[in-house]
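Structure at a glance
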Amino acid sequence: MRPSTKSLFAALAFTALAAASGAGIAAEVKGAAPTDPALIEKIRKSNAECYACHTEAGLKNPPRADMDLAALTKFIHDPKQFDGSNHTGMECKVCHGQGYVAFPHAPEAKKSISECGECHATKALRVETQFEASVHAKNLKDAFTCQTCHDPHVYKVAAKVGDPRKIVAQDNAMCVDCHNSDLRYSAFSTALPTKKVRPDLYATHDWLPNARLHWSAVRCIECHTPVSPVKSLATSHEILAKDKSDKACVTCHSQDSALATRLYRYASTNVGADLGFANAQVLGSAYVVGATRNPLIDRAVIGLFGLTVLGLLGHGAVCVVLALIRRRRTS
Amino acid sequence: MSHRIYLLPPWLRLWHWTNAALIIVLAVTGASLHFAGEGGYLVPFSLAAKIHDIAGVALACAYGFFVLANIVTGNWWQYVPKPPGVLARCLTQARFYAFGIFRGEPHPYPPTVEANFNALQAVVYWFIMYLVVPTVVVTGLIFFYPELAPTKIYGLDGLLPVAMLHYIAGAVVILFMVAHIYLGTTGVRPTSLFKMMITGWHEE
Ligand code: HEM
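Each residue is numbered by its place in its chain's sequence as written, counting from 1. Each chain gets a letter, beginning with A, and each ligand a number, beginning with 1, in the order they are written. Whole-chain, interface and lining totals are the exception, using all residues; otherwise, since this is a predicted model, local features are given only for residues with pLDDT of at least 70 and side-chain atom pairs are given and counted only at 80 or more. The side-chain values count all of the structure's non-hydrogen atoms but skip hydrogen atoms and water molecules.

Things to note about the overall build of chain B
Applicable threshold: A helix here means a DSSP run of H or I that spans at least four residues, while a strand means a run of E at least two residues long, and both kinds are numbered starting from the N terminus. Whether a residue is buried, partly exposed or exposed follows from its accessible area with a 1.4 Å probe, protein chains only, as a fraction of its type maximum: under 20%, in between, or over 50%, in that order. Contact between two residues is taken to exist if any of their heavy atoms lie within 4.5 Å; hydrogens are not considered. For every accessible area listed, the method is Shrake-Rupley and the probe measures 1.4 Å; residues are considered covered only by the protein chains on display. As used throughout, the charge tally considers Lys and Arg to be positive and Asp and Glu to be negative, leaving His and the chain termini uncounted. Charge positions come from single atoms, namely NZ of Lys, CZ of Arg, CG of Asp or CD of Glu.
What chain B contains, in helices and strands, is 6 helices and 4 strands. Going from N to C terminus, chain B has its helices and strands arranged as β-α-α-α-α-β-β-α-α-β. The dimensions of chain B, computed from C-alpha atoms along their principal axes, are 60 × 40 × 35 Å. Across the 204 residues in chain B, those meeting the buried criterion constitute 43%. Sequence-distant contacts in chain B: of pairs separated by 6 or more residues, those separated by 24 or more amount to 66%. Total accessible area computed for chain B in this model is approximately 11,000 Å², and 75% of it derives from carbon and sulfur atoms. If the 10 positive side-chain charges of chain B are averaged to one point and the 8 negative ones to another, these points end up 9 Å apart.

Right, dumping it as structure tokens:
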């Protein structure tokens, strides 16, 4: 082959490769939901086999008589929840492997459930580095995994949830389900060298006025994680020890509120922006004293105050001067 | 000490100074909340919120007392500008502040036991005490229970109109207070009206 043909071939091959990987971006992640109706139907049927037992309906109407129904109650799933999750449209078997297809399930089936990183290699690696530095990973050892917080059948990434109140509800439930439950908390705290009684969440946050209101409006991770140094991740997974947690009200309650870049990074602007409000995207679902204010109105109020004070001082000065002049005249 | 009349019962003087102190505290802490993070001259947010909450509830109680006492004693009548000629008397009073006061003219409507306030005072006090302050108190109380506010309004959080009203009405009270303190120095001597607010006796 002549050198020019050779490079032409290489260029063609490279283009083909680039095109293939480009087309592959959408379906890059293993097991991604297909768009082909025939394949969608195939997955629906395959998942329906699992749902025949693993739903409320399955529990009421078991397809087999030889099942341990008491054990099954612990493993009930809601198809609607799965359809609203990140992994909607995926086949159960992609993550669960072949071990669960037959019943009774294979004894070793649990070992072959895929880890997050098997499909999300790059992202999981970045998250893992931060997670390894968190209080949970450092102190609670291997018992604490990604699944401890993320139920792969339910969790939906914040960017796709949209409504900040819903993001808060989902993300805080991850923490509160454990930090507000003696049972679950103690199951994990046994990994600690000394026994630890679960600290009451409201008692440890009594310096925060109306903690209940705050916890419906902001996430635990807002104060308990640093800003992610990795730009491609919306939030850091490095849960800090309590002495490093953020106690400064002005992190949120000020014009350059961290809410805008963290919880509200996906929120769209609204009429508030047209009206000149700062942090208008926050104003879509919360009024935050110090943050969601209007610089134009503020300037008017400060200006009016200044004019009033100056006007009165001027009035007073003229009064005094004229009074002095009058007094000199009469004396 | 040519002419002395007793104008102000103890309850009114007590209320007045309580109210004054609370409003100054609320103004300073309120500004610190609203302009949080702007500079070191503000009260730290967490402390400001604590003080503002306590002073706010105290002011609401003081206001309740003020309204009740005014009804019981009949003092509310002082705040009603008496026709005819309310507008003309207001103008005369305004002209006095704009010109007459510079020439050392006497006050056009010195207080009497029957009419403690001149017409302009009555109108302004009525506006502040029966419109603006209740607005601040009610919106402040809603601030305590944000679930009372509408959830959404034109796609924005329902607490926004409550907060705006609280902020603007609060600003009006502060502007009034500044002017009010200044006019307090326009008695026979700069201190005589303040003395009256303490002793209850008006001197000419
Ligand atoms: C003249 C008196 C008052 C002034 C000047 C004032 C001013 C302010 C200002 C500027 C804010 C910040 C709101 C924002 O950024 O939009 C605020 C917040 C607040 N005000 Fe007032 N206010 C006054 C009286 C009251 C009263 C009487 C109450 C209660 C009955 C009250 C309760 C509150 C509450 C609950 C907040 C929310 C922050 C917090 O809980 O500390 N205020 N006020």
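Having seen the model, we can carry on.
Some thoughts on the coordination of the iron atom of the ligand
All names here are of chain B. Note the cut-off: Only nitrogen, oxygen and sulfur atoms within 2.8 Å of the metal, or 3.2 Å for Na, K and Ca, are treated as donors, and water is left out, so sites may look incomplete. Key to geometry: four donors with every angle between 85 and 135 degrees are tetrahedral; four donors are square planar and six octahedral where opposite donors lie over 155 degrees apart and all remaining angles lie between 65 and 115; all other sites are irregular.
Within the protein, the iron atom of the ligand binds to His 52 (NE2) and His 166 (NE2); these donor distances fall in the range 2.0 Å. In this structure, the iron atom of the ligand is coordinated by 6 donor atoms arranged in octahedral fashion, with angles at the metal of 84 to 179 degrees. Within this pair, whereas His 52 is found in helix α2 (residues 45-73), its partner His 166 is found in helix α5 (residues 159-183), the two being separated by 114 residues in sequence. Residue His 52 shares its accessibility class with His 166, and that shared class is buried.

Thoughts on the interface of chain A and chain B
Which entries qualify depends on this criterion: Once two parts are brought into contact, the accessible area they lose, counted with a 1.4 Å probe and summed over both, makes up the buried area. Here, a salt bridge means any side-chain nitrogen of Lys or Arg that lies within 4 Å of a carboxyl oxygen of Asp or Glu.
Taken together, the 34 residues of chain A in the interface contact 31 residues of chain B. At the boundary of chain A with chain B, total buried surface from both sides reaches about 2,800 Å², with 73% on carbon and sulfur atoms. On the chain A side of the contact with chain B, Tyr 287, Leu 312 and His 315 of chain A bury the most area, a combined 21% of that side's loss. Our count for the chain A to chain B interface comes out at 1 salt bridge. Across the pair Glu 38 of chain B and Arg 293 of chain A runs a salt bridge, and its minimum N-O distance is 3.2 Å.

A few points about the confidence of the model for chain A
The criterion, for reference: What pLDDT reports is the predictor's confidence in each residue, on a scale of 0 through 100.
Across chain A, the average pLDDT comes to 89, with 92% of residues at 70 or higher. Note that pLDDT drops below 50 for residues 1-27 of chain A; the model gives that stretch 2 contacts with residues more than four away or on any other chain.

Points about the pattern of salt bridges
Residues and elements named next belong to chain A. All chains considered together, the criterion is met by 11 salt bridges over all chains. The partner of Arg 219 in a salt bridge is Asp 171, and the shortest N-O contact between them spans 3.0 Å. You can see Arg 219 sitting in the loop between α15 (211-217) and α16 (220-224) and its partner Asp 171 sitting in helix α12 (residues 164-179), a full 48 residues away along the chain. Between Arg 293 and Asp 298 there is a salt bridge whose closest N-O contact spans 2.7 Å.

Overview of unusual backbone geometry
The linkage connecting Phe 103 of chain A with the following residue, Pro 104 of chain A, adopts the cis geometry, with an omega of -5 degrees. Structurally, Pro 104 of chain A can be placed in the loop between α6 (92-96) and α7 (116-119). The amide bond that connects Pro 83 of chain B to the next residue, Pro 84 of chain B, takes the cis arrangement and shows omega of 0 degrees. Secondary-structure assignment places Pro 84 of chain B in the loop between α2 and α3 (86-98). Within the chain, Asn 210 of chain A stands out as a residue other than glycine whose phi angle is a positive 50 degrees.

Here's the deal with the packing of α2 of chain B against helix α4 (residues 119-144) of chain B
Residues and elements named next belong to chain B. Worth spelling out the cut-off: For helices, the axis comes from a line fit to the C-alpha atoms of the stretch in contact; other axes are also lines fit to C-alpha atoms, and the angle between any two N-to-C directions lies between 0 and 180 degrees. Here is the rule for angles: anything less than 35 degrees is roughly parallel, anything more than 145 is roughly antiparallel, 65 through 115 is roughly perpendicular, and the remaining ranges are oblique. By definition, turning the near helix anticlockwise from the far helix through less than a right angle yields a left-handed crossing, and turning it clockwise yields a right-handed one.
The contact between α2 and α4 brings their axes to 10 Å, and the two run at 140 degrees. Taken together, the axis directions place α2 and α4 in an arrangement best described as oblique. Handedness of the crossing formed by α2 with α4: left-handed. Across the interface between the two elements, Asp 53, Val 57, Leu 59, Ala 60, Tyr 63, Phe 66 and Asn 70 from α2 touch Met 129, Tyr 130, Val 133, Pro 134, Val 137 and Phe 144 from α4.

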